[in-house]
Amino acid sequence: MKAAVIMGSKSDFEVLKKTINTLKYFGVDVTARVISAHRTPDEAHEFAKDAESSGYEVIIAAAGKAAHLAGVLAGNTALPVIGLPIKSSTMDGLDSLLSTVQMPEGIPVATVAINGAENAALLAVQILAVKYDVLKLKFKEYKAGLADKVRKADAELKAEVEGL
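Let me sum up the structure you'll find in this document. (Residues numbered from 1 in each chain as written. Predicted model: local features only at pLDDT ≥ 70, side-chain atom pairs only at ≥ 80, totals over all residues. Heavy atoms only, no water.)

## Quick word on the pattern of salt bridges
Where charged atoms of side chains with opposite charge meet at close range, the side chains can pair.
Here comes step 1: Under the definition given, this model contains seven salt bridges.
Here comes step 2: Measuring nitrogen to oxygen at the nearest pair gives 3.0 Å for the salt bridge that ties Lys-131 to Glu-57. Residue Lys-131 is found in the loop between helix H5 (117–129) and helix H6 (133–162), and its partner Glu-57 is found in the loop between helix H2 (41–51) and strand E3 (58–64); the two are separated by 74 residues along the sequence.
Here comes step 3: Taking relative accessible area as the criterion, Glu-57 reaches 17% and is therefore assigned buried. (Salt bridge = Lys/Arg side-chain N within 4 Å of Asp/Glu carboxyl O. Helix = DSSP H or I, 4+ residues; strand = E, 2+ residues; numbered from the N terminus. Buried < 20%, exposed > 50% of the residue type's maximum accessible area, 1.4 Å probe, protein only.)

## Section: the side chain of Thr-22
Here comes step 1: On the secondary structure map, Thr-22 appears in helix H1 (residues 13–25).
Here comes step 2: With residues up to four places along the chain from it excluded, the contact list for Thr-22 reads Glu-118, Ala-121 and Leu-122. (Contact = heavy atoms within 4.5 Å.)

## Things to note about a nonpolar patch on the surface
Here comes step 1: Taken together, the side chains of Met-91, Leu-94, Leu-98 and Val-101 make up a nonpolar region of the molecular surface, amounting to roughly 350 Å² of accessible area.
Here comes step 2: Taking relative accessible area as the criterion, Val-101 reaches 38% and is therefore assigned partly exposed. (Patch = residues over 30% accessible without salt bridge, like charges linked within 9 Å, V, L, I, M, F, W, Y side chains within 5 Å. Areas by Shrake-Rupley, 256 points an atom, 1.4 Å probe, with all protein chains shown as cover.)

Dropping the structure here:
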């Protein structure tokens, strides 16, 4: 179980810490790199072309502004690519979202919300869980934990309302 987390800029790392930590929580081996679609295009192409033979099974690509990284990687590999648009200083990340999600036919990029770092990791886990039953089980436990949190919050709210 191996995932690549590629960011277009080191400044994206603050957001991606949550992605990396979530993948590690599930036991996924993670490699993180800074590769720019625009400033290091040759490296982006080479990484994507070699990703499968390097043992990667899914790629998370995070970028802001023009945010072409996920598309460049997806155009050079058959592996699933998850785009993580990063909130930039302009347009509150809408530019990043549109650049990531609006891919041409034949080059799919699964895209999560702007700064949706945890969901990018969780989607990668779900993709890997198709192959790895241990991940499927752990993901189901994770989802059950989310439901338990909601039930606890509901009970707390009911008690608080009754006390008014």
